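Report on the structure
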Amino acid sequence: MTRHKILTSLAVVLLIGSCGAQIGGDTKDDDEPAGKSSVAKSTEDPTSQSPSPSSTPTEEAAVPEPTQRQVWAANYDTNRRSYVVAVAAALALRPRKVDALSGSLNACRLLDKKLTLDKRVARVQTTFALTSAPTYDQALAALGTTTTTICPEFTALHQTQTTERVKRLRVEERRRKAREQRRKKQEAQAAEEAQAAEEEAMPANVYYANCSDVESAGAAPIHAGDPGYSRDLDRDGDGVACEQ
């Protein structure tokens, strides 16, 4: 009897375990589609997606960078009055006789091309003044004012070119002075040589008291124009003195 009860209890335990495993598997199978469905739902939900930046209607369009010419024109507008007065003073003209806007933009454009200083000055001499072309130094002064006021990004380049020009002028001036000194020295030497030749060609200052002195010197007869000739020695006046 006791043995029968034990066997019956074991059978009940095994049956309960088998049923529990089947119920757990069914529950897992039921939960998995639900999980997938919730994930798919959240993925398909448009409200859960963050809007892309391009879809934002309030975003402002990118502003393009201003060109160099626009920057120069803005600098001119900002400093127009003082700049025009300074350029006119550099060119020794009245402000109304100066085409400051066109001249300044052209001067900055030439700097952007990195032209030599002499070429820039030559171009500026025909753009700033409305009446007469300025001198080299006047155009150079106008360029300096333009560089510092309208296109200051080229200030270093302008100063470098100006410094190189000053050095070049100093070298040329030293060479010019050296040539001038050599020329003067050559002229003085040539003058001395010419004077020496002239003195050598001139007849010597010879004097004979009488024909005896002429004969003693071995110079008889003496013709007119010869050293030592005199009318006192030429008694007959035929141009020959101390005739034998």
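Throughout what follows, the structure given in this document is the object of discussion. (Residues numbered from 1 in each chain as written. Predicted model: local features only at pLDDT ≥ 70, side-chain atom pairs only at ≥ 80, totals over all residues. Heavy atoms only, no water.)

1. Let's talk about the pattern of salt bridges
Going by this rule: Each salt bridge in this description consists of a side-chain nitrogen of Lys or Arg and a carboxyl oxygen of Asp or Glu lying within 4 Å of one another. Strands here mean DSSP runs of E at least two residues long; helices mean DSSP runs of H or I at least four residues long; both are numbered from the N terminus. Working definition: with a 1.4 Å probe on protein chains only, accessible area under 20% of the residue-type maximum means buried, over 50% means exposed, and in between means partly exposed.
Applying the stated criterion across every chain, the model contains 6 salt bridges. Two residues, Glu172 and Arg168, come together in a salt bridge whose shortest N-O distance is 4.0 Å. Linking Glu172 with Arg168, this pair stays in helix 7 (residues 155-201), spanning 4 residues, or about one helical turn. Residue class for Glu172 comes out partly exposed when judged on its relative accessible area of 41%. The exposure class of Arg168 is partly exposed, given its relative accessible area of 35%. The salt bridge involving Arg183 is made with Glu187; its shortest N-O contact spans 2.5 Å. In this pair, Arg183 and Glu187 are both assigned in helix 7, 4 residues apart and thus about one turn of the helix distant. Given a relative accessible area of 35%, Arg183 falls into the partly exposed group.

2. What to know about the state of the cysteines
Simply put, disulfide is the name for a covalent bond between the sulfur atoms of two cysteines. Rule in force here: Note on disulfides: each one is a pair of cysteine sulfur atoms within 2.5 Å.
This structure, assessed with the given rule, holds 2 disulfides. Covalently, Cys108 is tied to Cys151 through a disulfide, its sulfur atoms 2.1 Å apart. Between Cys108 and Cys151 the sulfur-sulfur dihedral comes to about -85°; the bridge is accordingly left-handed. Of this pair, Cys108 sits in helix 4 (residues 100-112) while Cys151 sits in the loop between helix 6 (136-149) and helix 7, and the two are 43 residues apart along the sequence. Judged by its relative accessible area of 0%, Cys108 is buried. A residue is classified by how much of its surface remains accessible, and Cys151, at 0% relative accessible area, is buried. The disulfide partner of Cys211 is Cys242, and the gap between their sulfur atoms is 2.1 Å. The chirality of the disulfide connecting Cys211 with Cys242 is left-handed, given an S-S dihedral of about -90°. Taken together, the positions of Cys211 in helix 8 (residues 211-217) and Cys242 in the segment after strand 2 (240-241) put the pair 31 residues apart, joining distant regions of the chain. Listing the disulfide partners of the protein chain by sequence rank of the bonded cysteines yields 1-2, 3-4.

3. A closer look at the packing of helix 2 (residues 68-78) against helix 3 (residues 80-91)
Let me state the cut-off plainly: An axis is simply a line fitted to the C-alpha atoms; with a helix, the fit covers only the stretch in contact. Between two such axes, the angle follows the N-to-C directions and lies from 0 to 180 degrees. An angle below 35 degrees is read as roughly parallel, one above 145 as roughly antiparallel, one from 65 to 115 as roughly perpendicular, and any other as oblique. Residues are treated as being in contact if the distance between any of their heavy atoms lies within 4.5 Å. Each residue receives one of three labels: charged for Asp, Glu, Lys and Arg, nonpolar for Ala, Val, Leu, Ile, Met, Phe, Trp, Tyr, Cys and Pro, and polar for the others, Gly being one of them.
Two elements in contact, helix 2 and helix 3, have axes separated by 5 Å at closest approach and are oriented at 90°. Between helix 2 and helix 3, the angle is such that the two are roughly perpendicular. Here helix 2 contributes Tyr76, Asp77 and Thr78 to the contact with helix 3, which in turn contributes Arg80, Tyr83 and Val84. Class assignment of the residues belonging to the contact of helix 2 with helix 3 gives a composition of 3 nonpolar, 1 polar and 2 charged.

4. Some remarks on the environment of Glu164
Inspection of the secondary structure assignment puts Glu164 in helix 7. Given the relative accessible area of 48%, Glu164 is considered partly exposed. A C-alpha to C-alpha distance of 9.4 Å links Glu164 and Leu117, two positions 47 residues apart in sequence.

5. Let's talk about helix 6
Test applied: By this rule the span expected of a helix is its residue count minus one, scaled by 1.5 Å. Our arc is simply the arc of the directions from the helix axis toward the C-beta atoms.
Between the first and last C-alpha of helix 6 there are 20 Å, a value that for 14 residues agrees with the 20 Å anticipated at 1.5 Å per step. Every buried residue of helix 6 is accounted for by Ala139, Leu140, Ala142, Leu143, Thr146 and Thr147. The buried residues of helix 6 occupy an angular sector of 160° when the element is viewed end-on, so they sit on one face.

6. Regarding unusual backbone geometry
Here the bond from Ala220 into Pro221 is cis, since omega is -10°, no more than 30 degrees from zero. Residue position: Pro221 is located in the loop between helix 8 and strand 1 (222-223). Positive phi, close to 60°, is recorded for Lys114, a residue that is not glycine. In this structure, Lys114 sits in the loop between helix 4 and helix 5 (117-124).

Any functional reading would require information beyond the geometric quantities listed.
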